[in-house]
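So you can see what is in the structure, the chains are spelled out below.
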Amino acid sequence: MGSIEASIGGVQESMNSKWHEDIRLARRVERTTIECNDVGSRILRWKEDRLQFSVRICLGYAAMMPSENHPVQEANFDSIVGPTHNYAGLSPGNVASASNQGEVSRPREAALQGLAKMRSLAEMGLVQGWLPPHERPHLDLLRAEGFEGNDSAMLAAAATEAPHLLARASSSSFMWAANAATVAPGVDTDDHRLHLVVANLQTMPHRRIESPTTERILRRVFPDEARVQVHAAIHGDGLTDEGAANHTRLASGDGAGIHFFVYGSADDATPGPRRFVARQTLAASLAVADLLRVPESRRVFAQQNPAAIDAGVFHNDVISVGNRNVLLFHESAFLNQESVLTELDRRIDGALIPISVAASEVSLEEAVGSYLFNSQLVTLPNGSMSLICPAECREIPAVSDLLDRLVARSDNPIEGVRVFDLRQSMRNGGGPACLRLRVPLDDRDLSSVHPPCLYSPERYERLVAWVEQWYPEEISDSDLADPGRLESVREALDALTVILELPGLYAFQR
Ligand code: SUG
């Protein structure tokens, strides 16, 4: 099937047709045959009498029309941690990043911890994918700051003259894929395509460099432009955007959903945080919603509680998590919480199950220390929900007790808790939910994903062996300038592009 939009005498019409079949435009056109062999969209124009006709044919497009036969499911794409994973204290406002500055990191362990989570989720029957790491150190950043000469000379000079810059250029922060993009599935968008808007990450200098590579990767992972549109990051004054970490899709079933955007600051007189920076603006959230092509009726915006930001909640996914019609959140998460919840409930037809956690149960400090709300809330194939928690949740008694109560209660669909050791990432402020980009999609979108970027046991084994071969066991500050490390990172990434069948992905390969 293909779909047709026709503008007839200025009136917009649409209808479905079969590929290569005669197309009869109701009432107005006698009969015309349109031959299309390519994929994508094509506009055909012709005249009949004094009327001008224009038809846009989108091949493979009708397959995108939302339909009950194509329910939306969630895929999680986790980024593979990079071989230069280190603790440089680059994120003020992120308590873990600041308190672990200068610690020795363990990149091999970090990458294996991430891969183990991916495998477990796949084995739980969820759709799991992986995204390749970015190349680090990012030499273009050094070059842009005036460092010259060959790669080794630049690294050596940066290490002595500007170690903070070398740390920025070496960060593996792309591993927190929840900050890669914001996503809306075709069932929610007005052109029925899946949209991904790459996050610009303008607030933290070490993360500003991520978006061009993220865009390149996402285009390779989602290559079918007839089904999926990957948008470049937004830019402009005041448009600071941190991606899906500040966005939640809620839905009453596996059909259309609503989009909940949470920002840290607005231009108007609303109060903002005093101690730490608000990373996302309302203007950015609005711009992202427009690019996603989510109709106004499916958008809800709310401001983060400034007190939460000042307590270390630098992204909304550190204080709330949603899945389907369930929203688990701390009572200090949002400004005007009551009206936000009323609005969310109204937009999903009264189906919202809000689970508010009181400060008397879990303090803000305990929430930030455990990353309870950075758990992944997932729907299992049997329809029940499970929380995918970091191990720290079981180490703080108040949080552990809350988890047990949540599972025991009958007023919510959470029936299980799975605990993961993600300490290497957690020490930089990245929990289970930070490590993954949620992509709600239907079966047709899924079959358009670059297959080697979807979990398979065989490729998982190859990735584990690849990490074990190439990743250093430890990294400290003084290792970052080692030119030998740059060489080995490039060899490793070269080998990865073979495993993931992504030739020429990295600039150094072209
Ligand atoms: O942006 N940490 C990341 C953590 C991102 C977590 N993501 C979500 N909440 N979705 C950040 O603050 C620390 C890097 C360092 O200090 O070396 C860092 O970038």
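Residues numbered from 1 in each chain as written. Predicted model: local features only at pLDDT ≥ 70, side-chain atom pairs only at ≥ 80, totals over all residues.

Mind showing me how you'd approach the overall build of the chain here?
Helix and strand counts for the chain come out as 15 helices and 21 strands. Looking at the chain as a whole, 49% of its 510 residues qualify as buried. The long-range fraction of contacts in the chain, counting pairs at least 24 apart against all pairs at least 6 apart in sequence, stands at 73%. (Helix = DSSP H or I, 4+ residues; strand = E, 2+ residues; numbered from the N terminus. Buried ≥ 20, exposed ≤ 12 C-beta atoms within 10 Å, placed from the backbone. Contact = placed C-beta atoms within 7 Å.)

Please explain the site of the ligand as it appears in this structure.
Close contacts around the ligand come from 23 residues, with Ser-91, Ser-97, Ala-178, Ala-245 and Cys-434 the closest. Here the residues of the shell around the ligand are counted per class, giving ten nonpolar, eleven polar and two charged. (Near = placed C-beta within 6 Å. Nonpolar A, V, L, I, M, F, W, Y, C, P; charged D, E, K, R; others polar.)

How do you make sense of the sheet that holds strand S11 (residues 228-231) when you look at a structure like this?
What holds strands together in a sheet is hydrogen bonding between their backbones, with the strands either parallel or antiparallel. Sheet architecture is open: three strands sit in the order S9-S10-S11, paired in mixed fashion. Here the strands that pair on one side only, and so sit at the sheet edges, are strand S9 (181-184) and S11. The average angle at which neighbouring strand axes cross in this sheet is 15°, direction not considered. The pairing of strand S10 (residues 194-198) with S11 spans four bridges and is classified as parallel. Paired with Leu-194 across the strands is Val-228, a residue of S11. Most of the contacts of helix H6 (residues 211-221) go to S10, to which it runs at about 160°, and overall it touches S9, S10 and S11. Sitting on the sheet, helix H7 (residues 282-292) is in contact with S9, S10 and S11, with an inclination near 145° to S10. (Pairing = 2+ DSSP bridges. Axes fitted to C-alpha atoms, helices over the stretch in contact; angles between N-to-C directions.)

Help me out: how do you make sense of the nonpolar core in this one?
Proteins that are soluble and globular tend to have nonpolar side chains buried together. In terms of nonpolar packing, the biggest core is built from 132 residues, with Ala-181, Val-198 and Leu-437 touching the most fellow members. The residues touching Val-198, leaving out its near neighbours within four places in the chain, are Ala-180, Ala-181, Ser-211, Thr-214, Glu-215, Leu-218, Val-230, His-231, Ala-232 and Ala-233. (Core = buried A, V, L, I, M, F, W, Y, C linked by C-beta atoms within 7 Å.)

Looking at this structure, I do not really get helix H2 (residues 107-123). What am I missing?
Note on helix geometry: an α-helix contains 3.6 residues per turn, so any two residues three or four positions apart are oriented the same way. Taking 1.5 Å per residue as the helical rise, H2 with its 17 residues ought to reach 24 Å, and the 24 Å between its terminal C-alpha atoms agrees with that figure. Summarising the contacts, the buried residues of H2 are in contact with strand S7 (73-79), strand S8 (127-131), strand S19 (385-390), strand S20 (414-420), helix H12 (423-426) and helix H14 (457-470). With its phi angle positive at about 95°, Gly-125 sits one or two positions after the end of H2. (Expected span 1.5 Å × (residues − 1).)

Could you clarify how one ought to interpret the environment of Ala-232 in this entry?
Note on placement: Ala-232 falls in the loop between S11 and strand S12 (247-250). Under the C-beta neighbour-count criterion, Ala-232 is labelled partly exposed, with 14 such atoms within 10 Å. Excluding residues within four positions of it along the chain, Ala-232 makes contact with Val-198 and Glu-215.

Hey, could you run me through unusual backbone geometry in this one?
Across the chain, the bulk of peptide bonds are trans and the bulk of non-glycine residues have phi less than zero. The peptide bond linking Arg-136 to Pro-137 adopts the cis configuration, its omega dihedral lying at 0°. Positioned with a positive phi, Leu-201 is a non-glycine residue whose angle comes to about 50°. With respect to the helices and strands, Leu-201 occurs in the loop between S10 and H6. Unlike most non-glycine residues, Arg-324 shows phi in positive territory, near 50°. Examined against the element boundaries, Arg-324 turns out to sit in the loop between strand S15 (320-323) and strand S16 (326-330). On the basis of neighbour counts, which here come to 23 C-beta atoms within 10 Å, the residue Arg-324 falls in the buried class.

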